[in-house]
Amino acid sequence: MNSKRTKVSIIGAGFVGSSIAYSLMMSNLVSELVIVDINRDKAEGEAMDLSHGSAFVKPIDIVSGDYSSTEDSDIVIITAGVNRKPGESRLDLINKNLNIFKSIVPEVVKYSPQAILLVVSNPMDILTYITYKLSGFPKERVIGSGTVLDTSRLRYLLGKHFCVDVRNIHAYIMGEHGDSEIVAWSTASVAGMDIDSFCGTTCKECDDSFKNDIYDEVKNAGKKVIEKKGATYYAIGLAVRRIVECILRDENSILTVSTLLSGEYGIDNVYMGIPTIVGRDGVKRVLEVKLNEDEKLKLKTSSDTLKELISGIEI
């Protein structure tokens, strides 16, 4: 990482925003961290609580404030928004959050016109598209957390099944961060071997039923955590820290962030989680990994699901 001071601002001091703040504080990536929330006392409390641990980490300034405090941020992370209520449609939720984002994004853009905007609020792909439209930024500088967390969940489950370090599993969840996401099994590998070949040398238990069970477990993981503890926030905090690290260190790492497709996979004008080279300027390149015909069809179906939702809103 270069020696210049790095500034990251977080909009939203709820469970997710505060977990991201904690993970960034521990990362030694950021010189200045700003927390903004409509509830100013909550933001101030989080900043104070984190700051009181400053003696145990590398030097970092952690403050709360208003949008002017975010001026000249390198990255602005948006976690603010309302959650879906029982009986409420996804479109209802999107329209509520659209109004919130109409108040957030112009303020962020005014004070940090060169920042990279990273959207984490749900429904994330839709809100990233909304942020792109509201900001007027180039698509490379507006990204969503995508399926980075879903991909981590997939690799965790495969690593547990194979008794292999999760960092040696190469597999992706692609598409919507939601029910229409897909597992790109045709690209999955361990030690240079595809999943079926690797399975043939180890457990010999990787039939279609196994793959379907893994997919269902990944897709429903967030819901299960919410049922048991009310919210998910630690893992997404770590996922966002990883994205920030890729950007600030100009790593050119491949992550399944949500990015705007412009013809890749035959899909256009929609944000989805796709293997993407991420560096200092945000998206450097969207990768078209080789999918089989069934996976291509499911990815297209995922994009159609998102496009249908987009068509129902007025930005």
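An unreviewed UniProt entry lists the chain under the name L-lactate dehydrogenase, with Clostridium rhizosphaerae given as the organism. Looking at the chain in UniProt, the text filed under Function (unreviewed entry) is "Catalyzes the conversion of lactate to pyruvate." What the UniProt record of the chain gives under Subunit (unreviewed entry) is the line "Homotetramer."

**So, the overall build of the chain**
Assigned secondary structure in the chain consists of nine helices and 16 strands. Against the 2.2 N^0.38 benchmark of 20 Å for 315 residues, the chain shows a C-alpha radius of gyration of 19 Å, consistent with a compact globule. C-alpha atoms of the chain, sized along the principal axes, occupy 55 × 45 × 40 Å. A total of 315 residues make up the chain; the buried ones form 53% of that total. For the chain, the proportion of contacts with a sequence separation of at least 24, taken over those separated by at least 6, is 71%. Computed over 37 positive and 43 negative side-chain charges, the separation of the two mean positions in the chain equals 2 Å.

**Topic: the nonpolar core**
In terms of nonpolar packing, the biggest core is built from 80 residues, with Ile77 and Val244 touching the most fellow members. Setting aside residues no more than four positions away along its own chain, valine 244 makes contact with Val8, Leu24, Leu29, Ile75, Ile77 and Leu118. Ranked by size, the runner-up nonpolar core spans 19 residues in total, among them Ala171, Val183, Trp185 and Ala188.

**A short note on the environment of proline 138**
Secondary-structure assignment places proline 138 in the loop between helix 4 (124-135) and strand 6 (142-144). On the basis of relative accessibility, which here comes to 38%, the residue proline 138 falls in the partly exposed class. Sequence separation between proline 138 and tyrosine 67 is 71 residues; the distance between their C-alpha atoms is 21 Å.

**Topic: the pattern of salt bridges**
Side chains bearing opposite charge may pair, as long as their charged atoms lie close to each other. Per the counting criterion, the structure on display carries 16 salt bridges. Lysine 110 is the partner of glutamate 107 in a salt bridge, and the nearest nitrogen-oxygen pair spans 3.8 Å. Of the two residues, glutamate 107 and lysine 110 are both situated in helix 3 (residues 90-111); the distance of three residues between them amounts to about one turn of the helix. You can call lysine 110 exposed: its relative accessible area is 51%. Between aspartate 304 and lysine 300 there is a salt bridge whose closest N-O contact spans 3.1 Å. Note that aspartate 304 and lysine 300 are positioned in helix 9 (residues 293-311) at a spacing of four residues, about one turn of the helix. Among the residues examined, aspartate 304 registers a relative accessible area of 36% and is labelled partly exposed.

**Re the UniProt feature "binding site: substrate" (unreviewed entry) in the chain**
In the numbering used here, UniProt assigns the "binding site: substrate" (unreviewed entry) feature to Arg90, Asn122, Pro123, Met124, Asp125, Asp150, Thr151, Ser152, Arg153 and Thr232. A maximum C-alpha distance of 25.0 Å among these annotated residues, which run over 143 residues, shows that they spread across the structure rather than meeting at one spot. Considering only the residues just annotated, the largest pocket is lined by Arg90, Asn122, Pro123, Met124, Asp150, Arg153 and Thr232. Checked against the element boundaries, threonine 151 lands in helix 5 (residues 148-162). Looking at the element boundaries, arginine 153 is found in helix 5. Apart from the residues within four sequence positions on either side, arginine 153 is in contact with Val218, Ala221, Gly222 and Thr232.

**Notes on the layout of surface pockets**
The volume enclosed by the largest pocket comes to roughly 1600 Å³. In terms of lining, the largest pocket is formed by 48 residues, of which the most central are Asn83, Ser121, Asn122, Pro123 and Ile226. Mapped by element, the contributors of at least two residues to the lining of the largest pocket are helix 1 (15-25), helix 3, helix 5 and helix 7 (208-229). The element best represented in the lining of the largest pocket is helix 7, accounting for six residues. Grouping the constituent residues of the lining of the largest pocket by class yields 21 nonpolar, 17 polar and ten charged. Its volume calculated, the second largest pocket comes out at about 510 Å³. Listing elements by their share of the lining of the second largest pocket, those giving two or more residues are helix 5, strand 7 (169-170), helix 8 (234-248) and strand 12 (253-255).

About the thresholds
The residue count restarts for each chain, going from 1 along the sequence in the order it is written. For a predicted model such as this one, the threshold for reporting local features is a pLDDT of at least 70, and the threshold for listing and counting side-chain atom pairs is 80 or more; totals across whole chains, interfaces and linings nevertheless cover every residue. With hydrogens and water excluded, all non-hydrogen atoms of the structure serve as input to the side-chain values. UniProt positions are given in the numbering used here, feature names are shortened, and annotations may be inferred rather than shown by experiment. Helix and strand definitions follow DSSP, with helices as H or I runs of at least four residues and strands as E runs of at least two, each counted in order from the N terminus. Within these notes, the globule rule equals 2.2 Å times the number of residues to the 0.38 power, and the radius of gyration is based on C-alpha atoms. Relative accessibility decides the category of a residue: with a 1.4 Å probe and only protein chains considered, values under 20% of the type maximum give buried, values over 50% give exposed, and everything between is partly exposed. Contacts: residue pairs with any heavy atoms within 4.5 Å of one another. By the counting scheme adopted, Arg and Lys are positive, Glu and Asp are negative, and His together with the chain ends is not counted. In plain terms, the charge of a residue is placed at NZ if it is Lys, CZ if Arg, CG if Asp and CD if Glu. In these notes, a set of buried Ala, Val, Leu, Ile, Met, Phe, Trp, Tyr and Cys residues joined through side-chain atoms within 4.5 Å is what counts as a nonpolar core. What counts as a salt bridge is simple: a side-chain nitrogen of Lys or Arg found within 4 Å of a carboxyl oxygen of Asp or Glu. Grid points spaced at 1 Å over the protein atoms alone were grouped into cavities, where a 1.4 Å probe fits but cannot get out, and pockets, open sets with protein on both sides within 12 Å along at least five of seven lines, with lining residues defined by an atom within 4 Å of a point. Grid points are joined across faces, edges and corners, and a volume is the space filled by probe spheres set on the points. Just so you know the grouping, Ala, Val, Leu, Ile, Met, Phe, Trp, Tyr, Cys and Pro go in nonpolar, Asp, Glu, Lys and Arg go in charged, and all remaining residues, Gly too, go in polar.

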